[in-house]
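Coordinate analysis (summary)
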Amino acid sequence: MHTVEQKSMAADTRYKRGYTPPESARAAIRQAHRTSPWISASTAGLDIAVLVASTIGCGILGSRVPLWGIPFLVVAGALVVARFCRALENLVHEGSHFNWSRHDRRLNDALVLAAAVPVGAGIGEYRLGHLRHHGKFGTSADPDLARYVELDLEGVERSSRTAYLRGLVTRFGRYQLGWVREVASGPYVVVAPFCWALLLIVLPSALLGGLGAASLSGLIWALGFLVLLPFLRMIAESSEHVYSDAETVFDATISNIGFLQRWVLHPHNDGYHTLHHMWPGVPHHRIARLHRFLVRNDPTGYGSTLRYRTGVRQNPVRSSGAGGHETREKNSTI
């Protein structure tokens, strides 16, 4: 068995695809590629609305409760901030594939700004790096493989919660520095989320609840955005691939489809990562349906060979047949 480091030092030959759908699935796959800029834009708008309203609400409420209640509100609010910023990041990822609008790319990138500004992502720079991941998968030009090697992400111990958290914490600083280098195309991108939060969260909190509410809202946003969001992202990204024991894109890519993955770590169906690597042009609002279609209609191919997790610390497994993992994905363990 190769190590992930040996993989990165191998000849620059892309992994083979590793999966061919049955002819009967071709029409469904073509249909699944249809984009809808308004579905994606409204999804981003709802994420932003929940993020802003909950942060302001926690800030105002925190300024009126006893001191012992403030830490609970700050942590709860920061978790909401992190989760919905993670959702916006996944929509920026969608935009990098022109999955908001396939036929009008300027409209695609204009709309994506609504999701990109709050999370400090430069869509152009992000697209360049991410498309290298798809186009040069498994070679030395694959930025994700380089990050897996640099941080030894496959070496994160998953046998216990304590060991798992320790492995993530020791890698966190280097991970976040690498992320900033990858997505930030200029100083304005780095500053943008702070200006966004000031205008949409801190200022309204001050107007509605005073300086105490504004201070708490700002603290909640900062904790969620600067600490919890990158930690959630690190957990998610370290679970998407296992390079060392695979020779194809299909086998090296892991789907994370348990409850916590779908609703916290990989919002907007980002957890169906194997299918995404097979067809990156399938937008978030169609990918889960296509996944279920292939499980039912290709039970001895996709339905039985897909590698997936339903628990965050679970090692990847394969389905035992059609619907096998669909039953399990309702449950998730940490």
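Residue numbering note: each chain is counted from 1, following its sequence as written. Totals for whole chains, interfaces and linings use every residue, but because this is a predicted model, local features are given only for residues with pLDDT of at least 70 and side-chain atom pairs only at 80 or more, for both listing and counting. Values reported for side chains reflect all heavy atoms of the structure, with hydrogen atoms and water molecules removed beforehand.

1. Topic: the side chain of Ser 238
Here is the rule we go by: Put simply, DSSP H or I for four residues or longer makes a helix, DSSP E for two residues or longer makes a strand, and each gets a number counted from the N terminus. Buried, partly exposed and exposed residues are distinguished by accessible area as a fraction of the type maximum, computed with a 1.4 Å probe on protein chains only: under 20%, between the cut-offs, and over 50%, respectively. Any N or O atom pair separated by 3.5 Å or less is treated as a polar contact, with the protein-specific requirement of one donor-capable and one acceptor-capable atom, and with residues adjacent in sequence counted only for side-chain atom pairs. It only takes one pair of heavy atoms within 4.5 Å for two residues to be counted as in contact.
The topology assignment puts Ser 238 in the loop between helix 9 (187-237) and helix 10 (249-252). Taking the relative accessible area as the measure of exposure, Ser 238 reaches 4% and is therefore buried. Within polar-contact distance, the side chain of Ser 238 engages the backbone oxygen of Met 234 at 2.9 Å. Once residues lying within four places of it in the same chain are set aside, the contact partners of Ser 238 are Tyr 148, Leu 153, Arg 158 and Leu 168.

2. Focus: the confidence of the model for the protein chain
The condition that has to hold: Every residue gets a pLDDT, meaning the predictor's confidence in that residue, from 0 to 100.
Summing up the model confidence of the protein chain, the mean pLDDT is 91 and the portion of residues at 70 or higher is 90%. Of all secondary-structure elements in the protein chain, the lowest mean pLDDT belongs to helix 15 (residues 324-328), at 50, while helix 12 (residues 273-278) reaches the highest, 98.

3. Comments concerning the pattern of salt bridges
Defined as follows: Each reported salt bridge corresponds to a side-chain nitrogen of Lys or Arg within 4 Å of a carboxyl oxygen of Asp or Glu.
Going through the model one piece at a time under the given rule, you end up with ten salt bridges. For the salt bridge of Asp 270 with Arg 86, the shortest nitrogen-to-oxygen distance reads 3.8 Å. Taken as a pair, Asp 270 in the loop between helix 11 (259-265) and helix 12 and Arg 86 in helix 4 (residues 70-96) lie far apart in primary sequence, 184 residues in all. In the salt-bridge network here, residues are joined through shared partners; they are Arg 86, Glu 89, Arg 233 and Asp 270.

4. Looking at the packing of helix 4 against helix 5 (residues 105-119)
Rule in force here: Axes, fitted as lines to C-alpha atoms, cover a helix only where it is in contact. Angles between the N-to-C directions of the axes lie from 0 to 180 degrees. Roughly parallel here means an angle under 35 degrees, roughly antiparallel means over 145, roughly perpendicular means 65 to 115, and every remaining angle is called oblique. Handedness of a crossing is defined here by the sense of rotation of the near helix relative to the far one, left-handed for an anticlockwise turn of less than a right angle and right-handed for a clockwise turn.
Their axes nearest at 8 Å, the elements helix 4 and helix 5 cross at an angle of 150°. Between helix 4 and helix 5, the angle falls in the class roughly antiparallel. You can see that helix 4 and helix 5 cross each other, and the crossing is left-handed. Residues Cys 85, Leu 88, Glu 89, Leu 91, Val 92 and Gly 95 of helix 4 touch helix 5, and the partners they reach there are Asn 108, Asp 109, Val 112, Ala 115, Ala 116, Pro 118 and Val 119.

5. With respect to a nonpolar patch on the surface
Quick note on the threshold: Grouping into patches uses exposed residues only, defined as over 30% relative accessible area, and leaves out salt-bridged ones; the cut-off is 9 Å for like charges and 5 Å for nonpolar side chains (Val, Leu, Ile, Met, Phe, Trp, Tyr). The accessible surface values rely on the Shrake-Rupley method and a 1.4 Å probe; as for residues, cover is taken only from the protein chains in view.
On the surface, a nonpolar cluster with roughly 460 Å² of combined accessible area is contributed by Val 180, Val 190, Val 191, Phe 194, Leu 226 and Val 227. At five residues, the largest contribution of residues to the nonpolar patch is made by helix 9. As for its placement among the helices and strands, Leu 226 is situated in helix 9.

6. Comments concerning a positive patch on the surface
So the rule is basically this: In this count, Lys and Arg are taken as positive residues and Asp and Glu as negative ones, while His and the chain termini are left out. We put the charge of a Lys on NZ, of an Arg on CZ, of an Asp on CG and of a Glu on CD.
Residues Arg 34, Arg 289, Arg 292 and Arg 296 make up a contiguous surface patch of positive charge. Tracing the backbone shows Arg 34 in the loop between helix 2 (26-32) and helix 3 (37-62).

7. Overview of the nonpolar core
Selection criterion: Put simply, buried Ala, Val, Leu, Ile, Met, Phe, Trp, Tyr and Cys residues joined by side-chain atoms within 4.5 Å make one nonpolar core.
Residues Leu 88, Val 92, Trp 196, Trp 279, Leu 290, Leu 294 and Tyr 302 are the most contacted members of the largest nonpolar core, which totals 76 residues. Residue contributions to this core peak at 14 residues, all from helix 9. Trp 279 has contacts with Arg 17, Tyr 19, Pro 21, Ile 29, His 33, Leu 290 and Leu 294, leaving out every residue within four places of it along the chain.

8. Describing the sheet that holds strand 1 (residues 255-256)
Which entries qualify depends on this criterion: At least two bridges found by DSSP between two strands are what make those strands a pair.
One open sheet holds the three strands; their spatial order is 1-2-3, and the pairing between them is mixed. In this open sheet, the two strands that pair with only one neighbour each are strand 1 and strand 3 (317-318). Inspection of the sheet shows strand 2 (residues 307-309) paired to strand 3 by two bridges, in the antiparallel sense. Opposite Tyr 308, over in strand 3, you have Val 317 as the bridge partner.

9. Considering the packing of aromatic side chains
Condition: Each Phe, Tyr or Trp ring (for Trp, its six-membered ring) is paired with any other whose centre lies within 6.5 Å, and the angle between the two planes then decides the class: stacked below 30 degrees, edge-to-face above 60, tilted in between. Criterion for a charge above a ring: Arg CZ or Lys NZ at most 6 Å from the ring centre, at most 35 degrees from the ring normal.
Tallying each qualifying case throughout the model produces twelve aromatic pairs. Between the aromatic rings of Phe 194 and Phe 225, the centroid separation amounts to 6.3 Å while the plane-to-plane angle is 85°, which identifies the pairing as edge-to-face. Residue classification places Phe 225 among the buried positions, given a relative accessible area of 10%. When the centroid spacing of 6.2 Å and the interplanar angle of 65° are considered together, the rings of Phe 250 and Tyr 302 count as edge-to-face. Placement of the pair is Phe 250 in helix 10 and Tyr 302 in helix 14 (residues 302-305), with a sequence separation of 52 residues. The exposure classification of Phe 250 matches that of Tyr 302, with both residues buried. Residue placement shows Arg 83 over the ring face of Phe 84; its charged tip is 4.6 Å from the ring centre. In this arrangement the basic side chain of Arg 105 is found over the ring face of Phe 98, its NZ or CZ atom lying 4.0 Å from the centre.

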